[in-house]
Amino acid sequence: MPAWVLGSLRGYRRSWWRRDLVAGLTVWAVLIPESLAYASIAGVSPVVGLYAAIPALLLYPVIGSSRHLVVGPMSATAALSAGVVGGIVSNDSGDFPAYTAGLALAVGTLAVLAGLLRLGFLANFISEPVLKGFIVGMALVIIVGQLPKLLGIEGGDGDFFQKLWAVVASLGDVSGWSALVGLGCLALVLVLRRTAPLVPGSLVAVALGIMLAAVLDLEDRGVEVVGHIDAGLPAPGVPDLTAASDIPLLLSGAAGVMLVGFAEGLGAAKTYARRDGYRIDADRELAGLGAANLGAGLLDGMVVNGSLSKTAVNAGAGARSQVSGWTVAALTVLTLLVLTPLFASLPEPALAAVVIAAVIELVDIGGLRRLYDVNTAALTTIYGRAARADFICALGALLGVLFFDTLPGLLIGVVLSVVLLLARTAHPHVAVLGRVAGGAGQWVDVERDPGSSPVSGVVVVRVESGLYFANADAVQDRLLELATADGVRALVLDAATVPSVDVTAAGMLRDVAAELDARGVRLLAVGDVGQVRDVLRRTGAGAVLDRLYPTVEAAVAATSPGEGEAAGDGAARR
């Protein structure tokens, strides 16, 4: 058997099974109501969430590398699923559930292929600030979308603001019973979360809602209920899509859904792997995510991914392996076989309350504030408006979700992060360095340490970036500006902080050396970054290599009157 098959279960000990069973029971109490709720976010019957959870919990451990990760329906990918499928077929169409399952198959196919091609690094293209802004925006959209069910009023279509206005305009039509049940269940979950965090508040709210529906006959009082749900498991099969031409649309949407689900699950997996001292294989995580989604799609389910909240519950309850996940799957099967009729009378306001309670903690305004505060006067001077790049990316993703929907919002955040990264690297900070008194050869930015002392006639500079085609001109202009000032006889480039250089930048350094030589100003370099040296040598920038020194002190000493260039010849080359 290949080493990656059931790799997360290797080294299993018999003493672990009791902890895994207890953890599985604990996670089941959380997963059942949340899966029902997330299915409603995706725009399908609540039971679809349970259909998706079973194969996800069974198949992920076969390939995935995490011992703790719980895979199932999640709010972010559920909202993305609703957006992607809603762009292909109408929400009221009978084809909506089939296309939702089809999207899970598309996500699974792409994830498996990406895992086989070792594309696990793709998650790095969604930065943490972009994901933060996206999740905050998505949570706000979900909450506004659930308010009509919570209050028993008509909802609206359109973007976040149009839906919010529809809710405000309909406040006069609020159903008293619906609002009482919905707000009461919401308050119950939030209070239990704060006062008794070990109690599964969502499950308590669902049980209370079902009990109230039976005792008070809420359906006859105008409160919407989930309605009939077929007991048992669905028959496996490929979803029946009405038009083959829709498959490319599903695949294009699936790419974004896969990326978000992978990034969220990978973060959760790494968190608990670090805690328990084992490693996560990103490519296996992709393949595991793919297997879980393929299973969910074939069982009439929906998109699934790793859950940070349920993984936290799993680890906190003492889980030691994925046996806990298989325990949850077995209990979920039992739920579908025996308990399904109970969910038919679950009030929609209670379900909406569970959804809102699950996502309200994702509206992390404090986190956005911390991103805004990651700035200083010095950074603003250097980068201008791009100094708050992380906050701008988060805000762009948030507003993109609110105005344009989930996937466009995510793409806006990703594009902004790339553009701002290019903007910052295209105009890197070129610091003028001075010697620290008594610092044993330490040289620092004179703007940050006014007590440091520049050397008369010598300008020591540090480029705080790699050198490449996009910033070659800006760096060249700055170097020539500093080197051609009155009284300058030498320019020392501290290249130890330059991690890389491309052909364009190497040509720029060669041109700078030639121009300074023509003006009687010497260019000396410090540092010995292997790949920089290799590119300079291959591109004919020999003048720079022939004046390469091991330290700034050595380079500055070589500029003293009477010192030749021989002191630096090959001194730093190895």
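Just so it is clear, the model here is predicted, and its values are computed rather than measured.

Draft legend 1. Spotlight on helix α7 (residues 176–195). End to end, α7 covers 28 Å across 20 residues, agreeing with the expected 28 Å (1.5 Å per residue, within 8%). Buried residues of α7: S178, A179, V181, G182, C185, L186, V189 and L192, and no others. Considering only its buried residues, α7 is in contact with α5 (128–151), α8 (201–216) and α13 (348–360).

Draft legend 2. Focus on the pattern of salt bridges. One pass over the structure, following the stated rule, counts 9 salt bridges. The shortest N-O distance in the salt bridge between K310 and E34 comes to 3.1 Å. With a gap of 276 residues between them, K310 in helix α11 (residues 308–316) and E34 in helix α1 (residues 17–41) connect regions that are remote in the sequence. E34 carries the same exposure label as K310, and that label is buried. Salt-bridge contacts for D364 lead to K132; the nearest nitrogen and oxygen are separated by 2.7 Å. You can see D364 sitting in the loop between α13 and α14 (365–373) and its partner K132 sitting in helix α5, a full 232 residues away along the chain. Residue classification places K132 among the partly exposed residues on the basis of a relative accessible area of 27%.

Draft legend 3. A look at a nonpolar patch on the surface. Among the surface-exposed residues, F161, L395, L399, F403 and F404 lie close enough to one another that they form a single nonpolar patch of about 460 Å² accessible area. Broken down by element, the nonpolar patch gets its largest block of residues, 4 residues, from helix α16 (residues 389–404). Within the secondary structure, L399 sits in helix α16. The exposure class of L399 is partly exposed, given its relative accessible area of 35%.

Draft legend 4. Quick peek at the nonpolar core. Counting residues in hydrophobic clusters, the biggest one holds 124 residues, and the most contacted among them are L103, I126 and F134. Element by element, the count of residues in this core is highest for α5, at 14 residues. Apart from residues no more than four positions distant in its own chain, F134 is found in contact with A76, L80, V260, A397, L398, V401, T406 and L410. In this structure, V459, L491, A506 and V521 belong to the second largest nonpolar core, which totals 29 residues.

How each quantity is defined
- Residues numbered from 1 in each chain as written.
- Predicted model: local features only at pLDDT ≥ 70, side-chain atom pairs only at ≥ 80, totals over all residues.
- Heavy atoms only, no water.
- Helix = DSSP H or I, 4+ residues; strand = E, 2+ residues; numbered from the N terminus.
- Expected span 1.5 Å × (residues − 1).
- Buried < 20%, exposed > 50% of the residue type's maximum accessible area, 1.4 Å probe, protein only.
- Contact = heavy atoms within 4.5 Å.
- Salt bridge = Lys/Arg side-chain N within 4 Å of Asp/Glu carboxyl O.
- Patch = residues over 30% accessible without salt bridge, like charges linked within 9 Å, V, L, I, M, F, W, Y side chains within 5 Å.
- Areas by Shrake-Rupley, 256 points an atom, 1.4 Å probe, with all protein chains shown as cover.
- Core = buried A, V, L, I, M, F, W, Y, C linked by side-chain atoms within 4.5 Å.

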